[in-house]
Amino acid sequence: MSIAVLSGLIILILLVIMLIAGVPIAVALGVSSFCAILPIMSLDVVVITGAQRIFSGISVFSLLAIPFFILAGNIMNKGGIAIRLINFAKLLTGRIPGALAQTNVVANMLFGSISGSGTAAASAMGSIIGPVEEEEGYDKNFSAAANIASAPTGLLIPPSNVMITFSLVSGGASVAALFMAGYIPGFVWGLACMIVIFVLGKRRGYVNKDHLSWKEKGRITFKAIPCLLLIVIVIGGIIPGIFTATEGSVVAVVYSLILSLFFYKSIKIKDLPKIFMDSAEMTGIIIFLIGMSGIMSWVMAFTGIPDAISAALLGLTDNKYIILLIINVILLVVGTFMDMTPACLIFTPIFLPVCNALGMNTIHFGIMMIYNLCIGTITPPVGTTLFVGVKVGKVKIETVINLLLYFFVAIFIGLLLVTYIPAFTLWLPSLMGYV
């Protein structure tokens, strides 16, 4: 048995056992990686090298963007942004069938991109627009399904912490290129949800009867402009190189603080310590996870696990479309049991060499993987966004899952488009000169 196969089996078996036992993912990654390298290295060398890999893995300037984007998202979540974006989204959806649910989709795309969190979008939008939909006669399960299915769009539409994580673990893929590449797939996901809502809404007779005057429309737009400017300022500064993604995250914090404290006055100074504490706690979890994943990446590279898996997959068939389909199926299954960040950290070093060998661009692979893993956030048994959306919508998983199946089909078609048509991902980055 080769070193790669032996180490791979040790990692896989120990990882599965510890995850089933409820061991934190970061700890499971570190322990399984240490055990996998022990048969070929002495204990003292493993401990010293492992410690070095942890610190080198987190001593990366670009990682500073993660805590700042998390902080900006938390400030915006509590800053009264949701209702203003919902009112603005209503103007965009008009009177098409299922207009309130369509509003939910557009609002999730806007708010999710600002907050960088699918669960935050599902919670904020579902709690505000859900009761309004119920008053208009919408079925609670239909409303919850629309909210849950569209919440992950903000993870694809930048700025996105998962893209920064992928940039790190992929060996330095351009964050700006990933940001630009996420727009069209994010819109594809949102459009897929809107098509499903259109069909089901028309069948159920859900039509918006509200008619706003031009004066009211102007007032709503005016109130939403400061929220939307956050996206324009951050992305508009990163893309032309005015500032880096890390510096852009600091700009997002300062802007969101000024907006919430002084413009909307929806946050008080006394609220900030709690916001800072929540952001620090979330950051600590993610950074510790990234540090531990550095050990696994080193073990995999040292033992040749990615090369062995690449050779095995390429040995099955030389048809790139079938190999990409196999990778997508594996990631879909993984996504139902594992959160996005650890899944991205574990499987990028495994599948990226395979896709590169097939001639697939790293940026294209990254967006395909993120899109795929986003589906896992709305599927049981570990779908965090699903659980939040069900709780906020006051429905049960077993009653909402039948409606979610329609959305899954449409979203999966979008995944195939993103996977097999590179232009969906690479057109904007190439237009900006990143690819």
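These remarks concern the structure in this document. Since the structure is predicted, the reported quantities are computational estimates derived from the model, not experimental observations.

**Re the pattern of salt bridges**
The tally for this structure, following the rule as stated, stands at two salt bridges. Taking the shortest distance from any N to any O, the salt bridge between Asp-139 and Arg-204 comes out at 3.8 Å. Note that Asp-139 is positioned in the loop between helix 7 (118-135) and helix 8 (140-150) and Arg-204 in helix 11 (residues 175-204), a separation of 65 residues in sequence. Judged by its relative accessible area of 29%, Asp-139 falls in the partly exposed class. Of the residues examined, Arg-204 reaches a relative accessible area of 36% and is grouped as partly exposed. Asp-278 is the partner of Lys-274 in a salt bridge, and the nearest nitrogen-oxygen pair spans 2.9 Å. Here Lys-274 and its partner Asp-278 are both found in helix 14 (residues 272-303), four residues apart, which amounts to about one turn of the helix. For Lys-274, a relative accessible area of 52% puts it in the exposed group.

**Things to note about the packing of helix 10 (residues 161-169) against helix 18 (residues 362-376)**
With their axes 11 Å apart at the nearest point, helix 10 and helix 18 run at an angle of 135° to one another. Compared by their axis directions, helix 10 and helix 18 come out oblique. Crossing geometry of helix 10 relative to helix 18 is assigned as right-handed. Of the residues in helix 18, those touching helix 10 at Val-162, Met-163 and Phe-166 are Thr-362, Phe-365, Gly-366, Ile-367 and Ile-370. Tallied by class, the residues present in the contact of helix 10 with helix 18 amount to six nonpolar, two polar and no charged.

**What to know about the nonpolar core**
The nonpolar side chains of a soluble globular protein tend to be buried with one another. In this structure, Trp-189, Ile-327, Phe-365, Tyr-371, Leu-404, Phe-407 and Ile-411 are the most contacted members of the largest nonpolar core, which totals 148 residues. Among the elements that make up this core, the one with the highest residue count is helix 11 (15 residues). Beyond its immediate stretch of four places on either side in the chain, Ile-411 contacts Ala-149, Trp-189, Ala-192, Cys-193, Tyr-371, Ile-375 and Ile-378.

**Observations concerning the environment of Gly-393**
For Gly-393, the position within the fold is in helix 19 (residues 384-393). Gly-393 sits 334 residues away from Ser-59 along the chain, and the two C-alpha atoms are 41 Å apart.

**Side note on helix 14**
Compared with the 46 Å implied by 1.5 Å per residue over 32 residues, the 47 Å span of helix 14 between its first and last C-alpha is a close match. Gly-304 sits one or two positions beyond helix 14 and adopts a positive phi of about 80°.

**Structural notes on helix 18**
Between its terminal C-alpha atoms helix 18 stretches 21 Å, which fits the 21 Å expected from 15 residues at 1.5 Å a residue. Here helix 18 lies mainly inside the structure; 14 of its 15 residues are buried. You can read the cap of helix 18 off the contacts: a side-chain oxygen lies 2.7 Å from the backbone nitrogen of Ile-363, and it is on Asn-361.

**Topic: unusual backbone geometry**
With phi around 55°, Lys-394 is a residue other than glycine that occupies positive phi space. Tracing the chain through its elements places Lys-394 in the loop between helix 19 and helix 20 (397-420). Judged by its relative accessible area of 67%, Lys-394 is exposed.

Reading guide: rules and limits
- Residues numbered from 1 in each chain as written.
- Predicted model: local features only at pLDDT ≥ 70, side-chain atom pairs only at ≥ 80, totals over all residues.
- Heavy atoms only, no water.
- Salt bridge = Lys/Arg side-chain N within 4 Å of Asp/Glu carboxyl O.
- Helix = DSSP H or I, 4+ residues; strand = E, 2+ residues; numbered from the N terminus.
- Buried < 20%, exposed > 50% of the residue type's maximum accessible area, 1.4 Å probe, protein only.
- Axes fitted to C-alpha atoms, helices over the stretch in contact; angles between N-to-C directions.
- Parallel < 35°, antiparallel > 145°, perpendicular 65-115°, else oblique.
- Left-handed = near helix turned anticlockwise from the far one by under 90°.
- Contact = heavy atoms within 4.5 Å.
- Nonpolar A, V, L, I, M, F, W, Y, C, P; charged D, E, K, R; others polar.
- Core = buried A, V, L, I, M, F, W, Y, C linked by side-chain atoms within 4.5 Å.
- Expected span 1.5 Å × (residues − 1).
- Polar contact = N/O pair within 3.5 Å; in protein donor to acceptor, adjacent residues only side chain to side chain.

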